[in-house]
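# Report on the structure
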Amino acid sequence: MEYFYPQNCNIVTVGVPTVVDAVTIAFDTVNYLLAYLSREMSGVKGNPLDPLNRPGLKELEQQEVPLETKTKMLGLVGGLEDDEKRQLIHEILSPLGQNLMVTPKEVDDFINDMAKVIATGLNCALHEAVTMDNVVTHMH
């Protein structure tokens, strides 16, 4: 199938990432573990098995972890900068063939949601008659 576009037409490609590499998962896990332990050490008790008494993702990401805690928990690795930790994990996993690309199990719902968000944005941006109040009528 061939597509014909006017000469002065700009073509834009929109990409939505749908996979995550194992290095990122391992890196994030190490950081969440450090944040969780740092909270516990500072006296903020939580129960990972109790959904009403455990820190959320946002809380863990905002948790400041002192260098002393990092080195106490992870030794030399704890003292590395984030990019150095990520590189170390990559150097370990890649030669073993374990830096796999993972697709979340909710990928179909994610793709559907992202398609609606992108279509809504494009419709509102490109068509004067389409507003946030009536954009739903232009979706099928």
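For the structure, see preceding data.
Reading guide: rules and limits
- Residues numbered from 1 in each chain as written.
- Predicted model: local features only at pLDDT ≥ 70, side-chain atom pairs only at ≥ 80, totals over all residues.
- Heavy atoms only, no water.
- Salt bridge = Lys/Arg side-chain N within 4 Å of Asp/Glu carboxyl O.
- Helix = DSSP H or I, 4+ residues; strand = E, 2+ residues; numbered from the N terminus.
- Buried < 20%, exposed > 50% of the residue type's maximum accessible area, 1.4 Å probe, protein only.
- Axes fitted to C-alpha atoms, helices over the stretch in contact; angles between N-to-C directions.
- Parallel < 35°, antiparallel > 145°, perpendicular 65-115°, else oblique.
- Left-handed = near helix turned anticlockwise from the far one by under 90°.
- Contact = heavy atoms within 4.5 Å.
- Nonpolar A, V, L, I, M, F, W, Y, C, P; charged D, E, K, R; others polar.

### As for the pattern of salt bridges
The final tally for this structure, using the stated rule, is two salt bridges. Here E59 and R39 are joined by a salt bridge, their closest N and O atoms 3.8 Å apart. Within this pair, whereas E59 is found in helix α2 (residues 57-62), its partner R39 is found in helix α1 (residues 22-41), the two being separated by 20 residues in sequence. You can call E59 partly exposed: its relative accessible area is 40%. The shortest N-O distance in the salt bridge between K85 and D82 comes to 3.7 Å. A residue pair is termed a helical-turn pair when its members lie 3 or 4 positions apart in one helix, as K85 and D82 do in helix α4 (residues 82-93) at three residues.

### Looking at the packing of α1 against α4
Put simply, α1 and α4 touch, their axes get as near as 9 Å, and they point 130° apart. Between α1 and α4, the angle is such that the two are oblique. In this structure, α1 meets α4 at a crossing whose hand is right-handed. Touching A22, V23, T24, A26, F27, N31 and L34 of α1 are D82, K85, R86, I89, H90 and L93, all from α4. Within the contact of α1 with α4, the residues separate by chemical class into seven nonpolar, three polar and three charged.

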